[in-house]
Amino acid sequence: MDTIYSQNFSHMATKIIKGNNMYKFVIHLMLIGFSVFSMPSFAQQPPHWDEIQEQAKGQTVYFYAWGGSPEVNQYLSKIARTIYQQSQVTLKQVKVADISEAIQQLLAEKTAGKHEKGNVDLIWINGKNFKTLKDNNMLYGPLSTQLPNWALLDKNLPIELDFAKPTQGYEAPWGIGQLVFIYDHQHLPHPPLSFAELLTYAQQHPNKISYPQPPEFHGSSFLKAALIELSHDNPALYKPVKPADYATITAPLWHYLDQLHKVAWRKGQQFPQSSAQTIQLLDDGELDLAIAFNPNAAKTAINNGSLPETARTYAFKAGALSNLHFLAIPANSSAKQGALVVINTLLSPEAQRDKANTQIWGDPSVLLPQTLTQTSQPVLDQGFQRFPSLSELDPSWQIALEKSWKTRYGH
Amino acid sequence: MVTRSQTLRLAYFSAILICSMPLLIGLIGTLAPAFSWLPILDLHQPSLASWRHLFHEPVLWRSISLTIFITLCSTALTLLFSFTLLMRFYNSKYWSWITGTLSPIFALPHVAFAIGFTFLLSPSGWIFRLLHPIFNISQAHAWILVNDTHGLGMSLALAIKETPFLLLMSIAPLQQLNINQLLTVGTSLGYQPKQVWYKIIMPLWLSYLRLPIAAIIGYSLSVVDFSLILAPLRPAPFAVQIWQWIKEPNLAMLPVAAAASLLLLVLALIILGGLRYTEYLLMKKCNTWQFNGQRQSGYWGKLISTITPLFYGVMILLPLLSVFMLALWSFSFRWRFPDILPQSWTLKFWMSQWENLHSLFATSMSIALLSTFISLLFSIICLEYKQKNHKGLPLIFLVIPLVVPQVGLLFGVQIITLYFPYLDPFSTVVWGHILFVFPYVYLSLAPAWQAFDQRYLQVATSLGTPPLKAWFLVKLPLLKNGLIFAIIVGMGVSLTQYLPTLILGSGRIATITTEAVAITSGQDRRIMAIYGLMQALLPFILILSSFHYSQRVHKR
């Protein structure tokens, strides 16, 4: 019944907005959705995959994922339909404002002795949150030996490391994040290319620069990237924090922020709450730079009507802080097989190519490039723009920086 | 053989038990961890450690003073708006028109209004866009009423939302007070009508409205969803701060959050007590202003009376424009500052959200229907018991959920649910809603029950109808209006609950309201607009249908 409903709905949709490319594409997608899985697979199936698929049938997978991006939400609701048609697994996205809410819930469940039938079946994480779950043995796995599409992953990417912590196959890479800035090149032809230039720019143009309030993910990443530049890429950043030299290493960062806040948006008294808000403020002309974790963010935002055609993404000349984001299954998940099926579908060439499409989300694929071109579908604008990368710091730095930021500027 | 009155007694006590359990649980679940007793976290030794931690939080005092400021400021504005409107327009030819416009504003959910308010009054909002070409000032110098450091915008928005509530609550007491008679007596003694309102009617009015005013204060102190959209966030109001501590992925913060919840409760009691004392001082102790013989209005009185229509304008225009903004944004594709109207339009966003809205509607409605009908059943049991035994429901059951900060109460419930890991989230959410729906349903139903003439039943039974049959065939139909009103109020309350749904549903239960708040973190104005409109739609339909229904009854 669901399918009939959605098909009728899409017919209606095409009639109403003829000529809208986005919709044509999406309907095209839905129609070919059926044929996707019948294609020859690229790798040998791991043992028991048939069994897993059989057990997954009828399960509902509650996927706790950050709900702040309409593009991501829409991508997930589309793919949920495909997954249901292919595997009879219902995918429900639980849109959390911050993924730490789900971590808190998992910790509470573990403490209360809820070792099965947990509420969180699948979770979108990386970095410090992965560290928390892995260190407390709260993840199910390894996934690497169970997923057929694991073989398609691009092994040139650091898929076995999450913020310098070995994943040991307990989470599956889903996409690539790069800390980038967005500007309107008509308004600002020569954007600042380093944190030092950013400060000079802010001093010349007061009220026009800001960053999301840590511990928001983008805000914390902004702090880390700034610290890399201001500490001249101190090698200590890639090892766990040593309290002895923490103050010395971070001193230039706090000095920098003290100066930046004086001339920042709303005089540094309020901060944007998310990357999405910086994009909105850029469009409103309140900010001159937005911050995003997606090298294709500007294109996606233009396609979505959120930014003018003249918006561009760029990275500072030192490179963009880069990391992978992952999918993991909590150890007490109530639908492990269903979650495996969902992850495997999200790692299929079709799903990864749609994800990379800037008409949809624009998040770069983690699969081998050749897997993406071997299907019969026309190659669409995938916007595989990637910047030279800066490595992630050890996760302990993010925790320490967030804490210091809160003590210094959080009130 | 169990007699009928025993059955009723049993039902009465089970109803009380079910409704009071969350209160008790909430209290225990907050008290124990606040004093470091939470065996789940290996805390077995009662201590003041969590309080010490709390008082060392750098944000604490600024966050608390912000909350106090917002609460006092919004309550004062609400009282000012309400009283001046009553003074100026009560029993005038505009009065029925004004009361007619109150219900839709009252029914507009807080979250929907907050979203529209940001579209209207932020530095790139519509009003600034209108003024921009005239004054040609940059946004950096615009006023800031959204997330502003002092919470002025939040206070204004709260006052606008609460004024209709207070005015609606004033209607019945004012009818009882027989205002015209008071005015006649006052003017015959040479007092201007305005002075009669200040010196005689205001003290009486306030004494009747203590509970609604306490509810307003409780709400302003503890609201989270509304604050997330409009309040400053560095630091955030205290309730939001507590909510952030609860969510922190560090269970060691739970006892601190519990201590903070208790502190918020104490704060609520202090503010309520303080205001009650101020009322006592002004009306009973330092009340020379009441009989100093001054019969004319002073300068301030005249000024306020002149700008009263302006208050009404603000109260009616801002919500109306907010809804209008929601509608415009939901169909816009590109709409850049400083354009007054969108550059391009699209149906795309409605299309993309349609399916999701569908399932959210289903969940929201089933929770609202279930919690309302259970509350209705409980209320009927309690009212019947009251009529039979002349013993009413202890007022405390009704007052606590209305006045006590939601975040603390629910936090306690959540702690206890940790001990029952296999509770079904849907039923837990319905149960949590009952806690907040029941008082409203009971209070809406009580007048009808009190007004019912028992002799109808006596006549029916004396004609040989069995009592239970008589009750269903005679009493229930006669009380239909009251029942329908209570259902509408109950559903309206349930549909807009944010924290109970989120906390007790472990995130798995998504309603229009929780989704609307989650969506605002994405800041996509088109999508926020769609969810704001949809959240406003259901209560609006309810109000419309009640209006339609009452008209039909009236015609008969």
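Quick caveat, the model's predicted, so the values are computed rather than measured.

1. Observations concerning the overall build of chain A
Scanning chain A for helices and strands turns up 15 helices and 11 strands. Considering chain A as a whole, with its 411 residues, one finds that 52% of them fall into the buried category. For chain A, the share of sequence-separated contacts (at least 6 apart) that also reach a separation of at least 24 residues comes to 79%.

2. Observations concerning the overall build of chain B
Each helix and strand counted, chain B has 24 helices and two strands in total. Relative to a compact globule of 556 residues, whose C-alpha radius of gyration would be 24 Å, chain B shows 25 Å and is just as compact. Dimensions along the principal axes, computed over C-alpha positions, put chain B at roughly 80 × 75 × 55 Å. Within the span of chain B, comprising 556 residues, buried residues form 44% of the whole.

3. Some points on the sheet that holds strand 7 (residues 180-184) of chain A
All names here are of chain A. A sheet is described by the order of its strands in space; here three strands give the open sequence 8-7-9, paired in antiparallel fashion. What marks the edges here is a single partner per strand, and that holds for strand 8 (290-292) and strand 9 (311-314). Averaged over all pairs of adjacent strands, the angle between their axes in this sheet comes to 30 degrees, without regard to strand direction. Pairing analysis gives four bridges linking strand 7 to strand 9, with the strands arranged antiparallel.

4. Here we look at unusual backbone geometry
Residue and element names in this part refer to chain B. At the junction of arginine 234 and proline 235, the peptide bond is cis and its omega measures out at -5 degrees in the coordinates. Its location among the elements puts proline 235 in the loop between helix 11 (225-230) and helix 12 (238-247). Going from phenylalanine 337 to proline 338, the amide bond is cis rather than trans, its omega being 0 degrees. Positive phi, close to 50 degrees, is recorded for serine 506, a residue that is not glycine.

5. A closer look at helix 1 (residues 4-34) of chain B
Residues and elements named next belong to chain B. Over its 31 residues, helix 1 runs 45 Å from end to end, which matches the ideal 45 Å to within 8%, given 1.5 Å per residue. Taking the largest bend as the criterion, helix 1 deviates by roughly 40 degrees, centred on serine 20, and proline proline 22 comes between one and four positions later. Looking at helix 1, one finds that the buried residues are Tyr12, Ala15, Cys19, Pro22, Gly26, Gly29, Thr30, Pro33 and Ala34. Within two residues after helix 1, serine 36 carries a phi angle of roughly 60 degrees, on the positive side.

6. Focus on the domain arrangement of chain A
Residues and elements named next belong to chain A. Domain annotation for chain A reports domain 1 (2-175 + 324-380) and domain 2 (180-314 + 390-409). Each side of the interface is counted separately: domain 1 has 15 residues, and domain 2 has 16 residues. With three residues, helix 6 (residues 127-135) is the single largest residue contributor to the side of domain 1 that touches domain 2.

7. Section: the confidence of the model for chain A
Residues and elements named next belong to chain A. Per-residue pLDDT for chain A averages 85, and the proportion of residues at 70 or more is 86%. Taken together, the stretch residues 1-43 has pLDDT below 50 and engages in 38 contacts with residues farther than four places along the chain or on a different chain. Segment residues 376-383: pLDDT under 50, and 14 contacts once partners within four positions in sequence are set aside and those in other chains are kept.

8. Describing the pairing of strand 1 (residues 60-66) of chain A
Residue and element names in this part refer to chain A. Across the seven residues of strand 1, six count as buried, placing the element largely inside the fold. Pairing of strand 1 with strand 2 (residues 90-96), which is carried by seven bridges, proceeds in the parallel orientation. Residue pairing across strands places tyrosine 62 opposite lysine 92, the latter belonging to strand 2. Traced from strand 1 through helix 4 (residues 70-87) to strand 2, the parallel crossover comes out right-handed.

9. Describing the interface of chain B and chain A
At the interface, 45 residues of chain B touch 54 residues of chain A. Those elements giving two or more residues to the side of chain B that touches chain A turn out to be strand 1 (332-334), helix 15 (348-389) and helix 23 (512-520) of chain B. At six residues, helix 15 of chain B tops the list of elements feeding residues into the side of chain B that touches chain A. Here the side of chain B that touches chain A is composed, by residue class, of 23 nonpolar, 11 polar and 11 charged.

Analysis parameters
- Residues numbered from 1 in each chain as written.
- Chains lettered and ligands numbered in written order.
- Predicted model: local features only at pLDDT ≥ 70, side-chain atom pairs only at ≥ 80, totals over all residues.
- Helix = DSSP H or I, 4+ residues; strand = E, 2+ residues; numbered from the N terminus.
- Buried ≥ 20, exposed ≤ 12 C-beta atoms within 10 Å, placed from the backbone.
- Contact = placed C-beta atoms within 7 Å.
- Rg over C-alpha atoms; globule rule 2.2 N^0.38 Å.
- Pairing = 2+ DSSP bridges.
- Axes fitted to C-alpha atoms, helices over the stretch in contact; angles between N-to-C directions.
- Expected span 1.5 Å × (residues − 1).
- Bend = angle between axes of the 7 residues up to and from the residue.
- Domains from an automatic or database assignment.
- pLDDT = per-residue confidence, 0-100.
- Right-handed = clockwise from strand over helix to strand, strands pointing away.
- Nonpolar A, V, L, I, M, F, W, Y, C, P; charged D, E, K, R; others polar.

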